[in-house]
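Listed here are the chains, written in short residue letters.
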Amino acid sequence: MPRGRYSLHDPHDHSPLGEEHFQCAPGPLGWRYVSQITTPAGDHAGSVDLALDELGRPIRLELHAASWQVRAAALDGVTWVRSDPTGTHATEGNVRAHTFSGTSPAFLIATARLLRLTPHSTHTRVRLVAFTDPVLAPRTLDQSWALVNSEAHATDNGPLMVDEYQVSALDTGEQHTIHIAGDVVLTAPGIELESLETPPSVFSDPVGP
């Protein structure tokens, strides 16, 4: 069960946004990721609880940030309820999209898991609903993903397979690179893996779209 800490920063000016303390693990029904997010000063800022089924679909998502929360799942596309903690001000949403996105590294793992790309394949288009901080406002966006390289790196625990993805925002044309090992993000825009207590888990079972 990988457990560790990511540092989060603004991908444009690199100002620190805080840290995400996480643990994740594959299981018989899929994969689960839970984390607590802190501010640069160390105060609690939110949490993430994401569960995927064996095909990589988000069967449960719960986000907390500031005074807002989101509960969501893949249902007729993707469906969510965004509300204040008391549930007094709740709004529902539904979009014909594939999965969710946000600032957490969990969403990068989830998208890669869902797409199951092969090295040097053509770019694959994916529609996402992103929940943007600090109020978890939903925004629909389209991206293009390609697995450009998959390479084994020697470690004390044996070879570690690192996948390099190229991700393009289809509305702006902006491109960036993501490096993922198993169920852990090594580097991505705005994300750095600072510590990892145990090696990443390896998804050994086949998945499908």
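The protein goes by Glycolipid-binding domain-containing protein in an unreviewed UniProt entry, where it is assigned to Streptomyces albipurpureus.

Caption draft 1: Focus on the side chain of glutamate 20. Along the chain, glutamate 20 turns up in strand β2 (residues 16-27). Buried glutamate 20, no salt bridge; nearest opposite-charge side chain is arginine 5, N-O distance 12 Å. Side chain to side chain, glutamate 20 and tyrosine 33 meet in a polar contact 2.8 Å long. When neighbours within four sequence positions are excluded, glutamate 20 is seen to be in contact with Gly4, Arg5, Tyr6, Leu8, Tyr33, Ser35, Gln36, Ile37, Val48, Ser104 and Pro105.

Caption draft 2: Broad picture of the packing of aromatic side chains. Taken as a whole, this structure holds 6 aromatic pairs when the rule is applied. Seen from their ring centres, tyrosine 6 and phenylalanine 22 are 4.5 Å apart, and the 20° between their planes marks the pair as stacked. Taken together, the residues tyrosine 6 in strand β1 (residues 3-9) and phenylalanine 22 in strand β2 connect sequence positions 16 residues apart. The same class applies to tyrosine 6 and to phenylalanine 22, which are both buried. Residues tryptophan 80 and phenylalanine 131 carry aromatic rings whose centres are separated by 5.9 Å and whose planes lie at 80° to one another, so their mutual orientation is edge-to-face. With tryptophan 80 in strand β7 (residues 78-83) and phenylalanine 131 in strand β10 (residues 124-132), this residue pair connects regions lying 51 residues apart in the sequence. Each residue in the set Tyr6, Phe22, Trp31 and Tyr33 is aromatic and connected to the rest through ring pairs, giving one cluster. Over the aromatic face of tryptophan 68 sits the side chain of arginine 82, whose NZ or CZ is 3.8 Å from the ring centroid.

Basis of the calculations
Residue numbering note: each chain is counted from 1, following its sequence as written. Restriction of local features to residues with pLDDT of at least 70 applies here, the model being predicted, together with a cutoff of 80 or more for giving and counting side-chain atom pairs; totals for whole chains, interfaces and linings are based on all residues. Values reported for side chains reflect all heavy atoms of the structure, with hydrogen atoms and water molecules removed beforehand. What counts as a helix is a DSSP run of H or I of at least four residues, what counts as a strand is a run of E of at least two, and both are numbered from the N terminus. The rule is simple: take the accessible area with a 1.4 Å probe, protein chains only, and divide by the maximum for that residue type; under 20% is buried, over 50% is exposed, in between is partly exposed. None of His or the chain ends enter the tally, which takes Lys and Arg as positive and Asp and Glu as negative. A side-chain nitrogen of Lys or Arg and a carboxyl oxygen of Asp or Glu constitute a salt bridge if their distance falls within 4 Å. Any pair of nitrogen or oxygen atoms within 3.5 Å is treated as a polar contact; in protein, a donor-acceptor pairing is required on top of that, and neighbouring residues in sequence qualify only through side-chain atoms on both sides. Any two residues having at least one pair of non-hydrogen atoms within 4.5 Å are treated as being in contact. Note on ring pairs: Phe, Tyr and Trp rings are taken, using the six-membered ring of Trp, and paired if centres are within 6.5 Å. Classes follow the plane angle, with under 30 degrees stacked, over 60 edge-to-face and the rest tilted. Distance and angle both matter: a charge sits over a ring if NZ of Lys or CZ of Arg is within 6 Å of the ring centre and within 35 degrees of the ring normal.

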